[in-house]
Amino acid sequence: EIAAGKLRPTPGQTVGPFFKFGLQYEGDNQVAHPWAPGTIRLSGTVYDGEGAPIPDAILEIWQRDSDGTVPRARGSHRRDGHTFTGFGRCATTDEGRFEFWTRDPGAVDGEAPFIAMSVFARGLLDRLPTRIYLPEHADALAGDALLQQLDDDARATLIARRDDEGNLVHDIHLQGPNETVFLAYR
């Protein structure tokens, strides 16, 4: 087959659990410095299909700054303690918890602001991309092209909630009745 110019695809390989050790770096979950003005915490738990927390997942987020601009600063892997990078990575704890320090993403042209997230975990052949929308901006959420395609239950899996301190809380369910909506890119 190789001679005919047709190569067979390489079979998929599951992610982790070893990946946690090679991908972490100092300040990886600090998209914004924890004590900088406007910084919020985005936290939650990653659950498997049986509702058990996943202790060895890694999550990555990408987002716009609070004014809606895409960060272009260098240093996503070498935090300087003050630059907003727009990218973060966080391993879950033994209880499946994750925590990022970031800012609310800003809206662009009236669109619903969101944080893009990818989930990596053992047993997955590929990352699972999803979005986390802010609970505010009702008109923008109602007009969002992705959210319009979903029923109310599915839509709810993409919208974070605020805690009493104004931080975002959002759980990820890989399977089951509360399964998070994951995106497929073609």
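Scroll up a little and you will see the structure.
These lines cover the structure that appears in this document, whether it is placed above or below. This one's a predicted model, so the numbers in the text were calculated from it and none came from an experiment.

With the rule as written, the count across this model stands at four aromatic pairs. Centre to centre, the rings of Phe114 and Tyr133 are 5.6 Å apart; their planes meet at 50°, and the pair counts as tilted. Pair noted here: Phe114 is in strand S5 (residues 114-120) and Tyr133 is in strand S6 (residues 128-133), with a separation of 19 residues, a long-range link. Looking at Phe114, the relative accessible area reads 26%, which means it is partly exposed. Taking relative accessible area as the criterion, Tyr133 reaches 0% and is therefore assigned buried. The lysine or arginine in question, Arg131, covers the ring of Phe114, its NZ or CZ lying 3.9 Å from the ring centre.

For strand S2 (residues 58-62), the buried fraction is high: four of the five residues fall into the buried class. Taken together, the five bridges between S2 and strand S3 (residues 87-91) define a ladder with antiparallel strand orientation. What sits directly across from Glu60, in S3, is Arg89. Relative to S5, S2 runs antiparallel, the two sharing five bridges. For Glu60, the partnering residue across the bridge sits in S5 and is Ser118.

Let us now look at the sheet that holds S2. As summarised here, the arrangement of the four strands in space is S3-S2-S5-S6, forming an open sheet in which the pairing is antiparallel. Of all the strands in the sheet, just S3 and S6 have a single pairing partner and so form its edges. Pairs of neighbouring strands in the sheet enclose a mean axial angle of 25°, with direction left out of account.

Attention shifts here to the nonpolar core. As a rule of thumb, soluble globular proteins bury nonpolar side chains together. With 26 residues, the main nonpolar core has Phe98, Met117, Ile172 and Leu174 as its most contacted residues. Contacts of Ile172, omitting those with residues within four sequence positions, involve Thr45, Val46, Tyr47, Leu59, Phe98, Met117, Val119, Thr130, Thr180 and Phe182. Counting residues in hydrophobic clusters, the runner-up holds 11 residues, among them Tyr133, Leu150, Ala154 and Leu158.

Calculation rules
- Residues numbered from 1 in each chain as written.
- Predicted model: local features only at pLDDT ≥ 70, side-chain atom pairs only at ≥ 80, totals over all residues.
- Heavy atoms only, no water.
- Phe/Tyr/Trp six-rings, centres within 6.5 Å; stacked < 30°, edge-to-face > 60°.
- Helix = DSSP H or I, 4+ residues; strand = E, 2+ residues; numbered from the N terminus.
- Buried < 20%, exposed > 50% of the residue type's maximum accessible area, 1.4 Å probe, protein only.
- Lys NZ or Arg CZ within 6 Å of the ring centre and 35° of its normal.
- Pairing = 2+ DSSP bridges.
- Axes fitted to C-alpha atoms, helices over the stretch in contact; angles between N-to-C directions.
- Core = buried A, V, L, I, M, F, W, Y, C linked by side-chain atoms within 4.5 Å.
- Contact = heavy atoms within 4.5 Å.

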